[in-house]
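# Observations on chain architecture
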Amino acid sequence: MHSWNINCTTALALLALAGSTRAQNIADSPYSAYGFGDLVNAAQISQSTMGSVGVAVVDPFSLTAVNPATYPSLYTPVFEAGGAWRNATLTTSTQEAKRDGVQLAGLSLGIPFGKRKWGMAIGLQPYSNVGYLVTDQATTGDGHTVTFEYLGTGGLNRAYLGLGRVLWQDRDSVGTDNRRRDTLGLGNKLAFGFNFNYLFGAIEQTSKAIYPQASGYYSTRSFSTLVVRDPTYTFGLLYSGQLSSWRRDQQRIIVRDKRRRERHAARNADRPDSLRTEFVPIKTDTMAWGFHIGAVCELGGGLGARYSNVLHNYSLSGGVEIPRDTISFTDGERGNIGVPPLFGLGFSITHGGKFSLSAEVRQRDWSQLRSDVEGWQPAEELGLQRTYALGLAWRPSGNTVHDNLLRNIVYRAGVRYNQDYLVVRGQQLDETAVSAGLSVPVLAKFSRSRITIGGEYGQRGTTDNGLIQEQFTTLFVGLSFTPDPREGWFVKRRID
């Protein structure tokens, strides 16, 4: 458990909510005292290492839960799990503190079926994190020292079940039989998908004003709980097209290879037998330049919520809190929290399984959040959240499996800018981050299972106007398991 001292004015400005936020572990941010806390990207670990892109990212060996229309693009069933370790430095205009923590990034299972015209996904991941412990001291008018303590724990999570379907497809003239089994679907196609999401979790907050035992004052304690449970729905579209024809590319290679062979034969004709060399043809592959355009929408709607709060005086005796008077009490008030919709648009350029470059923008106007839960309102102001992201992935060996391990590794990098949904003291927070990572194959000749490791470095907020600036480093570790080609997950056997 970590704590940090912040001057009283800043502490009160950041955390004077007396019961309106949510948390998951104590190693998070004091800004998680607002709204639903720190919102978590829905990207897998492999996508987190490339700027957290996902709206138009197609990976046949990794689930892209951001856009359910990508599920039919899976080549094989894949199970994924990951975690992250985060270290941050918190800075005000006068002080500095550090914090760190570990968090599970989620679990997911993707299953293609129906001759790769359908895809299904199921998963569980954190939706938002809240966690803070802030303490400070002040002096009363009669000289007594009072200690203020603000603590938040809890968390919202998202369980989802999704389905994707190819609505229309026009294959490249190369045909299915001539393509490598792990090629990113040559041709043009349109896919649609949806996720049934279930948000659930609890937000707990405690705030105390602790007076010395001999001061003549009772200490006060406020404890609140916000429980949220209700479904939401995400819809996605993905259009995939070609920028070049595989057959035309092959014809160009054949012409180039013929000219090279003629020049090589002419050179060998002028050389003695001992100096003649063997002709090496150009290596061909079923890779063509293509693109993906993706769009997602998470529908807005009311989340069922229940809110409880108790505020009482107490005294300390031998370090034990003895309740005295209950000042106010709210017991399980029910209502709805109206969450605004989310929209996202993405575009990516690919070259078979060798190269991809993705860009996207996502936004949700949190200023439209409404609550009719008695006693609970989001602290401070919420604003328009908008995220811009750019990600790059490169696999030197392309669609083939190479004997050199370094050529089979997927190298990733990305950058993102996030206009945060939190508005503190009239100033909207922003966040910038750069990321990079590697996806290392495990038994590459027999499966496409892999271990992904990477990191992200970024900055959030500012020290202006008495606020807190966070500089953070996050390390990612993810595991992706796919079946051995000799096995068949979720395939009905004809002979037992």
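Here's what I pulled together on the structure shown here. These numbers were taken from a predicted model, which means no experiment stands behind them.

As a further point, take the overall build of the protein. Along its length, the protein carries four helices and 21 strands. Scored against the burial criterion, the 496 residues of the protein give a buried share of 50%. Contacts spanning at least 24 positions in sequence make up 71% of the contacts within the protein whose residues lie at least 6 apart. Surface exposure of the protein reaches about 23,000 Å², of which carbon and sulfur atoms provide 56%.

By the secondary structure assignment, S219 is in strand β9 (residues 219-242). S219 gets classed as buried once you look at its relative accessible area, which sits at 3%. A polar contact of 3.0 Å, which involves the side chain of S219, links it to the backbone nitrogen of Y211. Those residues in contact with S219 that lie beyond four places of it in its chain are A209, I210, Y211, H312, N313 and Y314.

What follows deals with the packing of aromatic side chains. Taken as a whole and judged by the stated rule, the model has 15 aromatic pairs. Aromatic side chains F194 and F235 sit 6.4 Å apart centroid to centroid with 35 degrees between the ring planes, which places their arrangement in the tilted category. In this pair, F194 is assigned in strand β8 (residues 188-210) and F235 in strand β9, connecting sequence segments 41 residues apart. For F194, a relative accessible area of 33% puts it in the partly exposed group. Judged by relative accessible area, F235 falls into the partly exposed class, the value being 31%. Where Y239 meets F291, the ring centres are 6.0 Å apart and the plane angle is 45 degrees; that geometry is what we call tilted. Highlighted residues: Y239 in strand β9 and F291 in strand β10 (residues 289-298), separated in sequence by 52 residues.

Our focus in this paragraph is a positive patch on the surface. A surface patch of like charges, here positive, comprises R259, R263, R267 and R271. Note on placement: R259 falls in helix α3 (residues 246-269).

For side chains of opposite charge, pairing can occur when their charged atoms come near one another. Following the criterion strictly, the structure yields 11 salt bridges and no others. The partner of R412 in a salt bridge is D59, and the shortest N-O contact between them spans 3.8 Å. In this pair, R412 is assigned in strand β18 (residues 410-424) and D59 in the loop between α2 (45-48) and β3 (78-91), connecting sequence segments 353 residues apart. Take R412 and D59: they sit in the same class, and that class is buried. As a salt-bridge pair, D420 and R460 come within 3.0 Å of each other at their nearest N and O atoms. Taken together, the residues span a long stretch of sequence, with D420 in strand β18 and R460 in strand β20 (residues 450-461) at a distance of 40 residues.

Across 21 bridges, the pairing between β8 and β9 is antiparallel. Counted as the bridge partner of F196 is Y233 from β9. The sheet contact formed by β9 and strand β11 (residues 301-317) spans 10 bridges and is antiparallel. Within β11, the residue paired with S219 across the bridge is Y314.

All right, on to the pairing of β11 then. Pairing geometry for β11 and strand β12 (residues 320-339), over 15 bridges, is antiparallel. Paired with G302 across the strands is G338, a residue of β12.

This part covers the environment of V134. Mapped onto the elements of the fold, V134 is located in strand β6 (residues 132-139). Sequence spacing of V134 and S207 is 73 residues, and the spatial spacing of their C-alpha atoms is 9.5 Å.

Our focus in this paragraph is the environment of F279. Tracing the chain through its elements places F279 in the loop between α3 and β10. Residue F279 is classed as buried on the basis of its relative accessible area of 14%. Considered as a pair, F279 and H264 are 15 residues apart in the sequence and their alpha carbons are 6.8 Å apart. Look past the residues within four positions of F279 in its chain and what remains in contact with it is D257, R260, R261 and H264.

With that out of the way, let us pick up empty space enclosed by the protein. This model, assessed by the stated rule, comprises five cavities of 30 Å³ or more. Here the largest cavity defines a volume of roughly 1,100 Å³. Every residue lining the largest cavity is counted, 49 residues in all, and those nearest its centre are L39, V40, N41, A42 and Y127. Among the elements that line the lining of the largest cavity, the one with the most residues is strand β4 (residues 96-113), at six residues. By residue class, the composition of the lining of the largest cavity is 19 nonpolar, 17 polar and 13 charged.

Reading guide: rules and limits
- Think of each chain on its own: its residues are numbered from 1, step by step along the sequence as written.
- Only residues with pLDDT of at least 70 are given local features in this predicted model, and only at 80 or more are side-chain atom pairs given and counted; all residues enter the totals for whole chains, interfaces and linings.
- Hydrogens and water are ignored here; the side-chain numbers use all heavy atoms of the structure.
- Secondary structure elements follow DSSP: runs of H or I no shorter than four residues count as helices, runs of E no shorter than two count as strands, and numbering proceeds from the N terminus.
- Partly exposed describes any residue whose relative accessible area lies between the buried limit of under 20% and the exposed limit of over 50%, with all areas from a 1.4 Å probe on protein chains only and scaled to the type maximum.
- Whether two residues are in contact is decided by their heavy atoms: any pair within 4.5 Å suffices.
- Areas reported here follow the Shrake-Rupley algorithm with a probe of radius 1.4 Å; residue values treat only the protein chains shown as occluding.
- Under the rule applied, a polar contact is a pair of N or O atoms within 3.5 Å (in protein, one hydrogen donor and one hydrogen acceptor; residues adjacent in sequence only if both atoms are side-chain atoms).
- Under the pairing criterion, centres of Phe, Tyr and Trp rings, with the six-membered ring standing for Trp, must be within 6.5 Å; the plane angle then separates stacked pairs below 30 degrees from edge-to-face pairs above 60, leaving the rest tilted.
- Residues with no salt bridge and a relative accessible area higher than 30% make up the patches, which join like charges within 9 Å and nonpolar side chains (Val, Leu, Ile, Met, Phe, Trp, Tyr) within 5 Å.
- What makes a salt bridge here is a side-chain nitrogen of Lys or Arg within 4 Å of a carboxyl oxygen of Asp or Glu, nothing more.
- For the purpose of counting charges, residues Lys and Arg are taken to be positive, whereas Asp and Glu are taken to be negative. His and the chain ends are not included.
- Charged groups are reduced to one reference atom each: NZ for lysine, CZ for arginine, CG for aspartic acid, CD for glutamic acid.
- Pairs of strands are assigned from DSSP output, requiring at least two bridges between the strands.
- The pocket and cavity definitions rest on a 1 Å grid over protein atoms only: a 1.4 Å probe that fits but cannot leave marks a cavity, an open set with protein on both sides within 12 Å along at least five of seven lines marks a pocket, and residues lining either have an atom within 4 Å of a point.
- Grid points are joined across faces, edges and corners, and a volume is the space filled by probe spheres set on the points.
- Polarity classes work like this: nonpolar for Ala, Val, Leu, Ile, Met, Phe, Trp, Tyr, Cys and Pro, charged for Asp, Glu, Lys and Arg, and polar for all others, with Gly in that last group.

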